[in-house]
Amino acid sequence: MGKGPPGIDLTVPNAARIYDYLLGGKENFAADREAARRLLEISPNLREGSRANRRFLIRAVRFMVANGIRQFLDIGTGLPTQENVHEVALKVAPESRIAYVDNDPQINAHLDLTRPIGLLLVAVLHFIVDDEEAERIVRTLRDRLAPGSHLAISHATIGDLDEEQEREGRAIYARSSTRGAIFRSHERVLRFFDGFELVEPGLVWLDDWRPEEGVLRIPRFPGLGGYAGVGILR
């Protein structure tokens, strides 16, 4: 297989495109699909977990809008898919402003940092394998937020994987463009909310965070799991 646009090697799997494939999207290539299939062999619930992660994002944005948040910063956005942040927020509050940031640290031009912001770190921190670096990044972002800002985090955890399966899963991501992934425990994910007041029900399984009535929730098949939570900066 050849190369795509400058800087994009289509022979190297990409986490955002793997996620797109798991969600049923079309913005992915053979290397991404092969990596996804190998991950599904390790964790057969991964496709359902990816959809649960998307449902959490939607519920978290709706919660923030209901709490008066009208500015959103979605970091590690990845590829556009169905029901993106702007679609969810603008449907309820048309005056909302949304900035999508992947590798661009310059956010001042997009948002008013003197007012509360909804910061979304959804399925991104597990690609920063060094704990100190990940916590430093979240602290840096937190220190620039105004009181009343909201933080939403979802993060992969090993769930029912054994050590060999965990190593295999991490090895697949190590060969991707993200160059690694880590499946943190509940305690380690909780550290990212230092300085924030967690809203009920706290840091819980993806589909357990404020589930909506009548929406199908995935059973906990063996495999990877994910934690989700929202905190408010006081």
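Residues numbered from 1 in each chain as written. Predicted model: local features only at pLDDT ≥ 70, side-chain atom pairs only at ≥ 80, totals over all residues. Heavy atoms only, no water.

**A few points about the packing of helix α1 (residues 15–22) against helix α2 (residues 30–42)**
The description of two helices packed together rests on the angle between their axes and the distance between the axes.
Consideration 1: Two numbers describe how α1 lies on α2: the axes approach to 9 Å, and their chain directions differ by 70°. When the axis of α1 is compared with that of α2, the two are roughly perpendicular. Pair α1 / α2 crosses with right-handed handedness. Counting all contacts with α1, which are made through R17, I18, Y21 and L22, the residues of α2 involved are D32, R33, A35, A36, R37, L39 and L40.
Consideration 2: Residues belonging to the contact of α1 with α2 are distributed by class as follows: 7 nonpolar, no polar and 4 charged. (Axes fitted to C-alpha atoms, helices over the stretch in contact; angles between N-to-C directions. Helix = DSSP H or I, 4+ residues; strand = E, 2+ residues; numbered from the N terminus. Parallel < 35°, antiparallel > 145°, perpendicular 65-115°, else oblique. Left-handed = near helix turned anticlockwise from the far one by under 90°. Contact = heavy atoms within 4.5 Å. Nonpolar A, V, L, I, M, F, W, Y, C, P; charged D, E, K, R; others polar.)

**Here we look at empty space enclosed by the protein**
Consideration 1: Here the structure, examined in full by the defined rule, presents 2 cavities of 30 Å³ or more.
Consideration 2: The space that makes up the second largest cavity amounts to roughly 30 Å³.
Consideration 3: R59, D207, P211, E212, V215, L216 and R217 are the residues that line the second largest cavity.
Consideration 4: Looking at the lining of the second largest cavity residue by residue, the class counts come to 3 nonpolar, no polar and 4 charged. (1 Å grid on protein atoms, 1.4 Å probe; cavity = no way out; pocket = protein on both sides within 12 Å on 5 of 7 lines; lining within 4 Å. Points joined across faces, edges and corners; volume = space filled by probe spheres on them.)

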